[in-house]
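# Topology and contacts: notes
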Amino acid sequence: MSTAPTSRLSMTQVLLCGAAIVTLSMGIRHGFGLWLQPVTTERGWTRETFAFALAVQNLAWGLAGPFAGMLADRFGAFRVLVAGALLYALGLVLMALSTSGLAFTGSAGLLIGMAQSGTTYAVIYGVIGRHVAPEKRSWAMGVAAAAGSFGQFLMVPVENGLIAGLGWQSALFVLGAVALAIVPLSFGLREPRALPAGSGMPQQSVGAALKEAFGSRSFRLLTAGYFVCGFQVVFIGVHLPSYLKDHGLAPQVATTALALIGLFNVIGTYAAGVLGQRLAKRHILSAIYALRAVAITAFVTLPLSPLSVYVFSAVMGVLWLSTVPPTNAVIAQIFGVRFLSMLGGFVFLSHQLGSFLGVWLGGKLYDATGSYDVVWWIAVALGMFAALVNQPVREHPIARPAVASASSAA
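Residues numbered from 1 in each chain as written. Predicted model: local features only at pLDDT ≥ 70, side-chain atom pairs only at ≥ 80, totals over all residues. Heavy atoms only, no water.

## Re the nonpolar core
If you look at the biggest cluster of nonpolar residues, it comprises 119 residues, and the most contacted ones within it are Trp35, Leu92, Ile128, Ile236, Leu244, Leu343 and Trp376. At 15 residues, helix H11 (residues 217-246) tops the list of elements feeding residues into this core. Once you skip the residues sitting within four places of it in the chain, leucine 92 turns out to touch Ile28, Phe32, Ile112, Leu172, Leu175, Gly176 and Ala179. (Core = buried A, V, L, I, M, F, W, Y, C linked by side-chain atoms within 4.5 Å. Buried < 20%, exposed > 50% of the residue type's maximum accessible area, 1.4 Å probe, protein only. Helix = DSSP H or I, 4+ residues; strand = E, 2+ residues; numbered from the N terminus. Contact = heavy atoms within 4.5 Å.)

## Section: a nonpolar patch on the surface
On the surface, a nonpolar cluster with roughly 370 Å² of combined accessible area is contributed by Phe150, Phe153, Leu154, Val158 and Leu263. The biggest single contributor to the nonpolar patch is helix H7 (residues 134-166), with four residues. (Patch = residues over 30% accessible without salt bridge, like charges linked within 9 Å, V, L, I, M, F, W, Y side chains within 5 Å. Areas by Shrake-Rupley, 256 points an atom, 1.4 Å probe, with all protein chains shown as cover. Salt bridge = Lys/Arg side-chain N within 4 Å of Asp/Glu carboxyl O.)

## Some remarks on the packing of H11 against helix H13 (residues 281-301)
Relative orientation of the contacting elements H11 and H13 amounts to 30 degrees, with a least axis distance of 12 Å. Regarding the angle of H11 to H13, the classification is roughly parallel. At the point where H11 passes H13, the crossing takes the left-handed sense. Contacts between H11 and H13 involve Leu222, Gly225, Tyr226, Val228, Cys229, Gln232, Val233, Ile236, Leu240, Tyr243 and Leu244 from the first element and Leu285, Tyr289, Arg292, Ile296 and Phe299 from the second. Here the contact of H11 with H13 is built from residues that sort into 13 nonpolar, two polar and one charged. (Axes fitted to C-alpha atoms, helices over the stretch in contact; angles between N-to-C directions. Parallel < 35°, antiparallel > 145°, perpendicular 65-115°, else oblique. Left-handed = near helix turned anticlockwise from the far one by under 90°. Nonpolar A, V, L, I, M, F, W, Y, C, P; charged D, E, K, R; others polar.)

## So, helix H3 (residues 47-75)
For H3, which comprises 29 residues, the first-to-last C-alpha distance of 40 Å matches the rise-based estimate of 42 Å (1.5 Å per residue) to within 8%. The sharpest bend along H3 reaches about 40 degrees and sits at glycine 65, with the proline proline 66 one to four residues further on. Looking one or two residues beyond H3, the residue adopting positive phi is glycine 76, at roughly 95 degrees. (Expected span 1.5 Å × (residues − 1). Bend = angle between axes of the 7 residues up to and from the residue.)

In structure tokens, the structure reads:
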């Protein structure tokens, strides 16, 4: 199996800069649900219009992810991160200025989605995989994922305060300036231009790596499971505030709920990364998806109150992004780290297809039925499906006789 390159950035530097970038990039996006009602009310749009734009955002994020990962694997993460930060700031500004559904979809959807593909997990995890020793890799990925969760805990109340104090448009201008802070942080993730000659990295082409991955049953199963993750978390993240308001709960309940999800996911993602060093990652993933299905079932069947919302948010928070470290660690464990950003991008594409469907169906079925109930039960069924499909994943490194022979000959 391949090893990480011998010339590395320090683990501390990678984790500090990577975690700070994920805190900003994920923290900003986690609060987008807070804009649903003020934007649709002022513009006179339906909820489906807003939901469709965020669905396109998730789809664009997923579609651009493999290409962002490919560029990061080939040229290093730095250039991709800088480009992503600039797109992020531009998208937020244009999101505030959009006066039609089409323009809103182009800014909040396409631009911000492409920006997120270059500033979030796939790119950061590629750097972690290449510069953190294998025995600490799952833990390090857990740290980065926990940073994204802390970003949600930190940024959701900030964004709610900005909307209340400045108005929803000015709040987006401020966030555009915040997104630019990713640029100086990216300097801490500048990688060597070329791998050392004796690094032991597999001398695969991009095409060979893709053929190998998509020919692997385990890769396909991980991809199917990640679809469910996207469906569940984005549906809840975008539509939960409106669901609670529809049931007569105060807006502060929704803000607290989203913040609790972020706070408890700091614990969940870090724990998933630590457990991934000790337990089979397929068992961790199956448990997360099954527990999500149980939590959602309890939430929609028990009487709704602020207390039940907070308990649900805490439980879902522990499970929220805790799929991210074990999923990416399995990919690195099976296929190595040479194309980790690209392969992670392809798996994340499936996550974003699920996100597109979850956020769009939430708006579509609400407008059609006046209720979110059908989508909640779809999320339960998909959780049980994902719990089952992760069990057959085989985590051992893939055999590469041709690559091994070539390396030996060299």
